[in-house]
Amino acid sequence: MQYFDIILFALIAVFLVLRLRSTLGRRNGEEKQGPTDVFGRRPHEDDSNDTAHGAGAANGAPQPSDNVYRLPDADKATGKDQGGVAPDSSAFGVLQEIQKTDPDFTQQDFLNGARMAFEMIVEYFAKGDKDGLNPLLSPEVYKNFAAAIDARAEKGEQEETTLVGIKSATIDDASFEGRTAYITIKFVSEEVSVIRNNDGDVISGDPNKVVEAEDLWTFARNIESRDPNWLLVATETPDEEAAK
C-alpha cells in the first residue's frame, strides 16, 4: 500500500505540471520582443504611484521570506465579470479566431494559467531561479530577466518578494501578427518587496508595507503550431502603455 500511495502522488504531480504547461510554457520561436527592463516597472521604489493599504494591512502582511501565497479565488477567473472580454470588445474577435483554431482554448483556462504563471514568474525572479524562468519566457524576456538576476548577484543583493494576492486578472487586449496570437493581461496584485545587502540590511522597499502594483503582461503563441503553450513575451505598466 505504501508503494501504491507513492505512485499515486507521483501521477497527480505529473498531471498538475502537464496541465500548467498545456496552458503556458515552452518557447515556440515566434515571439515578439519584450521591453529591456524587468516587469516594465521601476522596481522597489516608494513613490506616490504606489498604493499602500495602511497600518492595518501592513501589520498583517506576510513576511517576505514566505515568497508567494496563492489566493483562494485563483482558479475562478471565468467569464466577463472575472476577467474575460465582452462580445463588443475589439479583442473578442481575436479570441474567437484562436478558439476556431484551437477548440480547447477558453478565456477561463487562459486566465487561470496566466495567474499561475504570474505567481511562478514573480517567485522565480525573486529567488534568482533562472532555470525555473526559462521555459516560461520568450528568449528576449528571459535575457532581460537573467541579466537583472546576474546584476543583483554581482552587487551582493537579495530580493525578497511576497505576493500577498492577485486582486484581479483581466484580458486587456488581443491581436494577431501573422499567425501568432498575442493576449495581454492586466494584473492588479498586492506585494511586499524588499532588496537586502549581504549584511541583511534593507536597501530598497519596506518589509512592512503592502504595495498595490499594476502590470500588463503579454503572452504569445503561434496558433498554427501543435504546441498549445503560451510564453510571456512582454511586460510593462499601464502608464507606459498610455504613453505610447
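Note: the structure precedes this text.
Residues numbered from 1 in each chain as written. Predicted model: local features only at pLDDT ≥ 70, side-chain atom pairs only at ≥ 80, totals over all residues. Heavy atoms only, no water.

A.B. asks: Honestly, helix α6 (residues 139-154) in this entry has me stumped. Any pointers?
C.D. replies: Each full turn of the α-helix corresponds to 3.6 residues, which orients residues three or four apart in the same direction. With 16 residues, α6 extends 22 Å from end C-alpha to end C-alpha; this agrees with the ideal 22 Å at 1.5 Å per step. When α6 is considered as a whole, its buried residues turn out to be Glu140, Val141, Asn144, Phe145, Ala146, Ile149 and Arg152. Looking at the buried residues of α6, the elements they touch are α4 (107-127), α5 (130-133), β2 (158-177) and β6 (231-236). A positive phi of about 75 degrees marks Gly156, the residue just after α6. (Helix = DSSP H or I, 4+ residues; strand = E, 2+ residues; numbered from the N terminus. Expected span 1.5 Å × (residues − 1). Buried < 20%, exposed > 50% of the residue type's maximum accessible area, 1.4 Å probe, protein only. Contact = heavy atoms within 4.5 Å.)

A.B. asks: Explain the environment of Thr180 to me, please; I cannot follow it from the model alone.
C.D. replies: Mapped onto the secondary structure, Thr180 falls in strand β3 (residues 180-196). For Thr180, a relative accessible area of 4% puts it in the buried group. Sequence separation of Thr180 and Ile223 is 43 residues, and the distance between their C-alpha atoms is 6.0 Å.

A.B. asks: Looking at this model, I keep getting lost on the pairing of β6. Mind explaining?
C.D. replies: A regular strand places its side chains so that they alternate between the two faces of the sheet. Within β6, six of the six residues are buried, which leaves it mostly tucked inside the rest of the structure. Here strand β5 (residues 211-222) runs beside β6; their pairing, made up of five bridges, is antiparallel. The residue of β6 that forms the bridge with Leu216 is Glu236. (Pairing = 2+ DSSP bridges.)

A.B. asks: What exactly am I supposed to notice about the pairing of β5 here?
C.D. replies: Across the twelve residues that make up β5, a large majority, eleven, are buried. As judged from the twelve bridges shared by β3 and β5, these two strands associate in the antiparallel manner. From the neighbouring strand, Glu191 faces β5, where its bridge partner is Val211.

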